[in-house]
Amino acid sequence: MKTLIAVPCMDQLDVAFVESLTQMRTGGNAAIQFVAGSLVYDARNKLAQIAVENGFDAVLWLDSDMTFDQDFLERMQKTLEESGADIVTALYFGRRPPYKPLVYSQCDYVFEDNDARIDVKLIDTIPEEPFEAAACGFGGVLMRAEILKTIREQKGLPFSPIYGLGEDLSFCVRARALGKKIVCDPRILMGHSAKLIIGGPDYVARWNALQK
């Protein structure tokens, strides 16, 4: 499976991520592409175009603040084949309290009478085996590259944000509208790098409030 390892990023990479990436086994049939910029949806759309135009079979999306094991790609490929899914996400958690898993049991976008309704819900419990999800973050996702071409032809740019949703959930809404299956494999875990803010309690409280 010819795989593009696609990494949207800013102008710097997390050291732990670089260590994970350089140690990950690829079987010699993968290429790595970075697109830097402040607009992550634009970087993802450019990476999607690169994958389609260069004939890749699959795309492994990695955020530049994630960590993972050496056999990460191998295990993701195995789940993609065995589950019959079109899109597979590993399990990882948000980097701010309350540290919820970034996998969604519901992600619906309905536009009626010039009014948009968004229903988004994170999973309540984590199953032990792979399970179907409504949406996921894109910290570590493997998908068949043909999906990107299909979405572009029928739904427009795959990662352009739908009002009220980030680029990752916007992609999932488009993919599911085309009947694509998203599976989370909770047996494949990732780490999510976070920075600890050191300061007085008032400063920390104000900082956390700004991040919401």
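Scroll up to find the structure this text is about.
Keep in mind it's a predicted model, so treat the numbers as computed, not measured. (Residues numbered from 1 in each chain as written. Predicted model: local features only at pLDDT ≥ 70, side-chain atom pairs only at ≥ 80, totals over all residues. Heavy atoms only, no water.)

## Some words on unusual backbone geometry
Here is step 1: Residues P97 and P98 are joined by a peptide bond in cis, for which omega reads 10°.
Here is step 2: Secondary-structure assignment places P98 in the loop between β5 (87-91) and β6 (103-112).
Here is step 3: Here Y99, not a glycine, exhibits a phi torsion of approximately 55°, which is positive.
Here is step 4: Take Y99: it is sitting in the loop between β5 and β6. (Helix = DSSP H or I, 4+ residues; strand = E, 2+ residues; numbered from the N terminus.)

## Regarding the pairing of strand β1 (residues 3-9)
In summary, the side chains of a regular strand alternate between the two faces of the sheet.
Here is step 1: Across the seven residues that make up β1, a large majority, seven, are buried.
Here is step 2: Every second residue of β1 is oriented toward a common face, with T3, I5, V7 and C9 on one face and L4, A6 and P8 on the other, all of them buried.
Here is step 3: One ladder, built from seven bridges, connects β1 with strand β2 (residues 30-36); its direction is parallel. By the bridge assignment for β2, A6 is matched with Q33.
Here is step 4: Pairing analysis gives four bridges linking β1 to strand β3 (residues 58-62), with the strands arranged parallel. (Buried < 20%, exposed > 50% of the residue type's maximum accessible area, 1.4 Å probe, protein only. Pairing = 2+ DSSP bridges.)

## A few points about the packing of aromatic side chains
Here is step 1: As enumerated under the stated definition, the model contains seven aromatic pairs in all.
Here is step 2: An angle of 70° between the planes, with centres 6.1 Å apart, marks the rings of F17 and F68 as edge-to-face. One end of the pair, F17, is in helix α1 (residues 15-23); the other, F68, is in the loop between β4 (66-67) and α3 (72-83), with 51 residues separating them in the sequence. Accessibility classification places F17 together with F68 in one group, the buried group. (Phe/Tyr/Trp six-rings, centres within 6.5 Å; stacked < 30°, edge-to-face > 60°.)

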